[in-house]
Amino acid sequence: MKAYTTYKIFATAKQRELVNITEDVAKAVAEAKIREGMVLVSAMHITAGVIVNDNESGLHQDIWEWLETLAPFRRDYRHHRTGESNGDAHLKNLLVHHQVILPITKGKLDLGPWQSVFYAEFDGQRPKRMVIKVMGE
Amino acid sequence: MKAYTTYKIFATAKQRELVNITEDVAKAVAEAKIREGMVLVSAMHITAGVIVNDNESGLHQDIWEWLETLAPFRRDYRHHRTGESNGDAHLKNLLVHHQVILPITKGKLDLGPWQSVFYAEFDGQRPKRMVIKVMGE
Amino acid sequence: MKAYTTYKIFATAKQRELVNITEDVAKAVAEAKIREGMVLVSAMHITAGVIVNDNESGLHQDIWEWLETLAPFRRDYRHHRTGESNGDAHLKNLLVHHQVILPITKGKLDLGPWQSVFYAEFDGQRPKRMVIKVMGE
């Protein structure tokens, strides 16, 4: 069994942003020299997520509107008594989750034709880490 | 370490359907001859999901109603400007997720007494792939 | 490759409760003597979940309110025709998911600075199992 770990730091220009990281994950898989296994892609902050979906800008706008409907920004979250203002980002993280695990088959990320991987930033404009961990043989 | 990969193609009769795949996953685990490890069950399309829940038809109706409340069909998703009409299926996929990873212990799927695995089709009536990848020893 | 499996039984005092299990997961990783790998933490019941978020009591109250908004208790779930009254707990489980998979690097749980792991009980006051499975080398 082999394992390979790499970290990526994001400091998005906007507070909320979807960053296509499919190539970053594919690169980590290639560097790991693992032919059969799995790769874990996981935000290390609790106000960001990782998702798999379509790389289509209209859909991305739909996703942001939908996230705002289900986990809206509000001033009155109890969490804000700590001085924070990002309660909605915590709930958005719970909604879409902070991680995915993807199959590696014959040395390649084994994704479907429209599956792209995105880092979903809900409270950006500051450096935040994500781990990519490849495991297999 | 051993790895075993198999694919299943679904072409559901209905547009939306929950398909019990517990036996398919158990069969893949048996074929893999892996006694300790994990199995990844992952939809390869972005308009389908994989969930673990109860095999109870009343609950399944509750789940469909609930999904329609939180990620409703709408004509006016921006994604539909591409000619698609399945924006809600993308959001339902984000809500329930496209994958689960299940433990394998002593050669068997290590599920709780009421845990069944389901492929959740949100935009069916056409062939769509799912991957089952077993990893362990 | 090595695997290590342990189970934890919860019987929460309250019907709904977030239990911080970060130390339990770290202990399992230490016992597994695995330096590079992954750990799966998975509720074996379909009315409980496992989440990663902040260990901040105000946020936890926000999370409970939010879960009740998106997956409310209702008398009229079809699932209740079976005699159950926990339909909302099934939907809350689908919303937050029953599992996480966490990286292990250099012998330690590789979490971000504010990431804590919680068992989320949605229908407690009775014994329920969770599995922790460590895999790696």
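As the structure is a prediction and not an experimental result, all values here were calculated from the model.

Cut-offs applied
Sequence order as written defines the numbering, with residues in each chain counted from 1. Following the order in which they are written, the chains are lettered starting with A and the ligands numbered starting with 1. Note on the predicted model: pLDDT of at least 70 is required for a residue's local features to be given, and 80 or more for side-chain atom pairs to be given and counted; whole-chain, interface and lining totals, by contrast, use all residues. Side-chain metrics rest on all non-hydrogen atoms present in the structure, leaving aside hydrogens and water. Fitting of the copies onto one another was done by least squares over C-alpha atoms, counting residues only where both copies have pLDDT of at least 70. Here a cavity denotes grid points, spaced 1 Å and computed from the protein atoms alone, that fit a 1.4 Å probe unable to get out, and a pocket denotes an open set having protein on both sides within 12 Å along at least 5 of 7 lines; residues with an atom within 4 Å of a point are the lining. Grid points are joined across faces, edges and corners, and a volume is the space filled by probe spheres set on the points. Gly falls in the polar group here, along with every residue not listed as nonpolar (Ala, Val, Leu, Ile, Met, Phe, Trp, Tyr, Cys, Pro) or charged (Asp, Glu, Lys, Arg). At least two bridges found by DSSP between two strands are what make those strands a pair. Helix numbers and strand numbers start at the N terminus; a helix is a DSSP run of H or I with at least 4 residues, a strand a run of E with at least 2. In this scheme, a helix's expected span is set at 1.5 Å multiplied by one less than its residue total. Partly exposed describes any residue whose relative accessible area lies between the buried limit of under 20% and the exposed limit of over 50%, with all areas from a 1.4 Å probe on protein chains only and scaled to the type maximum. For the purposes of these results, a polar contact is taken to be a pair of N or O atoms within 3.5 Å, where, inside protein, one atom must be able to donate a hydrogen and its partner to accept one; residues adjacent in sequence count only when each atom of the pair is a side-chain atom. Scored from 0 to 100, pLDDT records how confident the predictor is in each individual residue. The charged-residue count follows a simple rule in which Lys and Arg add positive charge and Asp and Glu add negative charge, with His and chain termini not counted at all. Whenever a carboxyl oxygen of Asp or Glu lies within 4 Å of a side-chain nitrogen of Lys or Arg, that contact is scored as a salt bridge. Here a residue-residue contact requires only that any non-hydrogen atoms of the pair lie within 4.5 Å. Two parts placed together each lose some accessible area; with a 1.4 Å probe, that loss summed over both constitutes the buried area.

Quick notes on the relation of the copies chain B and chain A
- It takes a turn of 120 degrees to lay chain B on chain A, together with a shift of 0.0 Å along the axis; the resulting RMSD is 0.0 Å. Expressed as an axis order, the relation between the two copies is that of a three-fold axis. If distances are taken from each C-alpha of chain B to the rotation axis, the shortest is found for Met1 of chain B, at 3.4 Å.

Some thoughts on empty space enclosed by the protein
- Applying the stated criterion across every chain yields a total of six cavities of 30 Å³ or more.
- Considering only enclosed or pocket space, the largest cavity measures out at about 160 Å³ in volume.
- Lining the largest cavity we find 13 residues, and of these Gln99 of chain A, His97 and Gln99 of chain B together with His97 and Gln99 of chain C sit closest to its centre.
- Looking at side-chain class alone, the lining of the largest cavity contains seven nonpolar, six polar and no charged residues.

Digging into the sheet that holds strand β5 (residues 99-105) of chain B
Residues and elements named next belong to chain B.
- The five strands lie next to each other as β1-β8-β3-β5-β6, forming an open sheet whose pairing is antiparallel. The sheet is open, and its two borders are formed by β1 (2-10) and β6 (108-109), each paired with just one other strand.
- Of the strand pairs in this sheet, strand β3 (residues 37-43) and strand β8 (residues 128-136) are connected by seven bridges, and their pairing is antiparallel. By the bridge assignment for β8, Met38 is matched with Met135.

With respect to helix α2 (residues 57-70) of chain A
All names here are of chain A.
- Over its 14 residues, α2 runs 20 Å from end to end, which matches the ideal 20 Å to within 8%, given 1.5 Å per residue.
- Turning to α2, its buried residues number three or more, namely Gly58, Leu59, His60, Asp62, Ile63, Trp66, Leu67 and Leu70.
- For α2, the N-terminal capping position is held by Glu56, with its side-chain oxygen 2.9 Å away from the main-chain nitrogen of Gly58.

Observations concerning the pairing of β5 of chain B
All names here are of chain B.
- When you tally the buried positions in β5, you get seven out of seven residues, the bulk of the element.
- Residues Gln99, Ile101, Pro103 and Thr105 of β5 are buried on one face, and the alternating residues Val100, Leu102 and Ile104, pointing to the opposite face, are buried as well.
- Pairing of β3 with β5, which is carried by six bridges, proceeds in the antiparallel orientation. When the sheet's bridge partners are listed, Ser42 is paired in β5 with Gln99.
- Pairing analysis gives two bridges linking β5 to β6, with the strands arranged antiparallel. Looking at β6, one finds that Thr105 is bridged to Lys108.
- Joining the antiparallel neighbours β5 and β6 is a turn of two residues, in which Lys106 adopts a positive phi near 50 degrees.

Remarks on the confidence of the model for chain A
- Across chain A, pLDDT averages 98, with 100% of residues at or above 70.
- Here the predicted complex carries an ipTM of 0.96, next to a pTM of 0.98.

A word on the side chain of Glu56 of chain B
- Within the element layout of this structure, Glu56 of chain B appears in the loop between β4 (48-53) and α2 (57-70).
- Among buried Asp, Glu, Lys and Arg side chains, Glu56 of chain B stands out as unpaired, with Arg81 of chain C the closest opposite charge at 8.3 Å.
- Among the polar contacts made by the side chain of Glu56 of chain B, one reaches the main-chain amide nitrogen of Gly58 of chain B at a distance of 2.9 Å.
- Contact partners of Glu56 of chain B, with chain neighbours within four places excluded, come to His79 and Thr82 of chain C.

Remarks on the interface of chain B and chain A
- Across the boundary between the two partners, chain B contributes 29 residues, which contact 35 residues of chain A.
- When chain B packs against chain A, the two sides together hide about 2,900 Å² of surface, and 64% of this comes from carbon and sulfur.
- Counting the surface chain B buries against chain A, the share from its top three residues, Ile46, Arg78 and Leu94 of chain B, is 22%.
- One can count three salt bridges joining chain B with chain A.
- The closest approach of N and O atoms between Glu65 of chain A and Arg78 of chain B, which form a salt bridge, is 3.0 Å.
- Put simply, chain B and chain A have 14 residue pairs in polar contact (both at pLDDT 80 or more) between them.
- Listing elements by their share of the side of chain B that touches chain A, those giving two or more residues are β1, β3, α3 (87-96), β5 and β8 of chain B.
- Looking at which element gives the most residues to the side of chain B that touches chain A, the answer is α3 of chain B, with five residues.
- Its residues placed into classes, the side of chain B that touches chain A shows 17 nonpolar, nine polar and three charged.

Focus on the environment of His97 of chain C
- Following the sequence through the fold, His97 of chain C ends up in the loop between α3 (87-96) and β5 (99-105).
- What makes His97 of chain C buried here is its relative accessible area of 11%.
- C-alpha separation for the pair His97 of chain C and Gln115 of chain C, spaced 18 residues apart in sequence, amounts to 17 Å.
- Looking at His97 of chain C, its side chain comes within polar contact range of the main-chain oxygen of Val96 of chain B, at 3.3 Å.
- Here the side chain of His97 of chain C touches Leu94 of chain C through a polar contact of 3.4 Å, landing on its backbone oxygen.

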